[in-house]
Amino acid sequence: MRKILFSSLLFLAGITTSAQDKTRELISKPKLSGYFIGRYQASLKDGDKSNSFDIRMARLSLSGRIYEDFEYRVQGQINGNTETLGSSPRLIDAFAEWQKYDFFKVKAGQFKRPFTFENPMNPIDQGFMGNSQVVNKLSGGSDRTGEHSSNGRDIGVQIQGDLFKKPSGHYLLHYQVGVFNGQGINTKDADNRKDIIGGAWIMPVSGLRFGVFGWLGSHAREGKWTETTDGITTEHSGIVSLSRYRYALSAEYRHDDWQIRAEYIHNTGYGFKTTYQQDDDKEDATVNIAQGNKADGFYALCIAPIIKGRLRAKARYDLYRNTATWSDSRTQYEAGLNFIVNKHIEVQAEYAFVNDKSQMKHNYSIADIELCVNF
């Protein structure tokens, strides 16, 4: 009896060990990573001068593989205050992607919208004190529509792939297209309309690419608004759905320590007067008619090595026109240095001269120094 029991235990132990080995093969060990960016920023804007230390953002990410074909990531962010939706803390990424074939991959969950070259980049690699104004306003950062701050992300499904591999190892053509709620992060669809966002680029030589992107969709809000007709003011409530149509033209050269990029983005579509707060009792669904339904912008930047792998110089021309006219254009002329201490620590510094025609006094300066730490 003892021999039978002992043999049975050995058999079960063997099965358990085998199952554990199989599990290890099927699910990779999760990788924990993250970074934070501390900042000192001073603004010399008349009537609103300021200088302060703050935490621009801190992110923590968990990623890994399930089987050999699936990659997953969950990422959270902390910054700002905790009083409003889109501030801090919040979930920014939660997705899985099937990656069996280079020419056809499928991603589902919450992730970056496939719009522009700059939007998918992480803030440290992007190299400046923030995304360009036009990417921030027309790619879902602090979106012109009044969508809550969404870090360029939304919830949906996307396919993408690379075609025509060249002898050098790079692919000649990349495509990507996705279907999204149109409401930004951590928010359900409000109008049952979906955003279709996509793009394609060619890379004739390694590091050089030319792309075009399109965005067809809407942004909606359930709330209250008033209308005045013949001196009589009436209050309404319900869902307001605003169409948005956008396109972007992009070019980039990125190789070794060099980064040269330029993008133009155009928007057609109105926005709301206020930023979404996810409060059904108080939500303002008033459309910002005065803002108009057109906006555009352009930026061009260069990051060049002074000491390879250690010190880089940078400059950026950054223009945004909130009504697609010069009367309220805002232009930033930026220059600075990025010092790479090691692979985990980088110090980024820049000066920006701002010309904002929507202000009484158009010109002022901004100085920004950031400590970037990744792990």
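Per chain, residue numbering runs from 1 following the sequence as it is written. Per-residue local features of the predicted model are confined to residues with pLDDT of at least 70, and side-chain atom pairs are confined, for both listing and counting, to 80 or more; whole-chain, interface and lining totals are unaffected and use all residues. Side-chain numbers come from the whole structure's heavy atoms, not from hydrogens or water.

**Student:** Any chance you could break down the packing of aromatic side chains for me, citing the residues and the numbers?
**Tutor:** Two aromatic rings from Phe, Tyr or Trp, using only the six-membered ring of Trp, form a pair when their centres are within 6.5 Å; if the ring planes differ by under 30 degrees the pair is stacked, by over 60 it is edge-to-face, and anything between is tilted. Applying the stated criterion across every chain yields a total of 15 aromatic pairs. A ring pair is formed by F115 and F213, whose centres lie 6.3 Å apart and whose planes are at 70 degrees; its orientation type is edge-to-face. With a gap of 98 residues between them, F115 in the loop between β5 (104-112) and α2 (123-126) and F213 in strand β9 (residues 208-229) connect regions that are remote in the sequence. For the pair shown, F115 and F213 are each scored as buried. By definition, any uninterrupted DSSP run of H or I lasting at least four residues is a helix, any uninterrupted run of E lasting at least two residues is a strand, and each is numbered from the N terminus. Each residue's exposure class comes from its accessible area (1.4 Å probe, protein chains only) as a fraction of the maximum for that residue type: buried when under 20%, exposed when over 50%, partly exposed otherwise.

**Student:** Give me the lowdown on the pattern of salt bridges, citing residues and values where you can.
**Tutor:** A pairing counts as a salt bridge when a side-chain nitrogen of Lys or Arg comes within 4 Å of a carboxyl oxygen of Asp or Glu. Applying the stated rule across the entire model yields 21 salt bridges. Residue R261 is joined to E118 by a salt bridge in which the shortest nitrogen-to-oxygen separation is 3.1 Å. With R261 in strand β11 (residues 258-268) and E118 in the loop between β5 and α2, this pair connects stretches of sequence that are 143 residues apart. By the burial criterion, R261 is buried, and E118 matches it.

**Student:** So what's going on with the environment of E68? Which residues, and what values?
**Tutor:** For E68, the position within the fold is in the loop between β2 (50-66) and β3 (70-78). Here the alpha-carbon distance between E68 and I27, two residues 41 residues apart in the chain, equals 8.3 Å.

**Student:** Now, about unusual backbone geometry: what can you tell me, with residues and values included?
**Tutor:** Positive phi, normally seen in glycine, also occurs at F164, with a value near 65 degrees. Among the secondary structure elements, F164 is positioned in strand β6 (residues 153-165). Positive phi values are uncommon outside glycine, yet D256 reaches one of about 55 degrees. Positionally, D256 belongs in the loop between β10 (232-255) and β11. For D256, a relative accessible area of 55% puts it in the exposed group.

**Student:** Run through the nonpolar core, naming residues and quoting values.
**Tutor:** Ranked by size, the top nonpolar core spans 20 residues in total, and within it F115, V134, F213 and I265 carry the most contacts. Within the residue set of this core, elements represented by two or more residues are α3 (133-138), β8 (195-205), β9 and β12 (294-307). If one sorts the elements of this core by residue count, β12 sits on top with four residues. Here, two residues are considered to be in contact whenever any of their heavy atoms come within 4.5 Å of each other. In contact with F213, other than residues within four places in its own chain, are P114, F115, T116, F117, Q176, G198, G199, W201, R246, Y247, A248 and S250. In this description, a nonpolar core means a group of buried Ala, Val, Leu, Ile, Met, Phe, Trp, Tyr and Cys residues linked to one another through side-chain atoms lying within 4.5 Å.

**Student:** Any chance you could break down a nonpolar patch on the surface for me, citing the residues and the numbers?
**Tutor:** Like charges within 9 Å and nonpolar side chains (Val, Leu, Ile, Met, Phe, Trp, Tyr) within 5 Å are joined into patches, using only residues over 30% in relative accessible area that form no salt bridge. The protein chains shown are the only cover counted for residues, whose accessible areas, like all others here, come from Shrake-Rupley with a 1.4 Å probe. On the surface, L32, L60, L62, V74, L91 and F375 cluster together into a nonpolar patch covering about 530 Å² of accessible area. By the element assignment, V74 lies in strand β3.

**Student:** Tell me about the pairing of β8, and name the residues and values.
**Tutor:** Two strands qualify as a pair provided DSSP detects at least 2 bridges between them. Strand direction decides the pairing type here: strand β7 (residues 171-180) and β8, joined by eight bridges, are antiparallel. Among the inter-strand pairings, G178 is bridged to a residue of β8, identified as I197. Pairing geometry for β8 and β9, over eight bridges, is antiparallel. Bridge pairing links A200 to V212 in β9. The turn linking β8 back onto β9 is made up of two residues, and G207 within it adopts a positive phi angle of 95 degrees.

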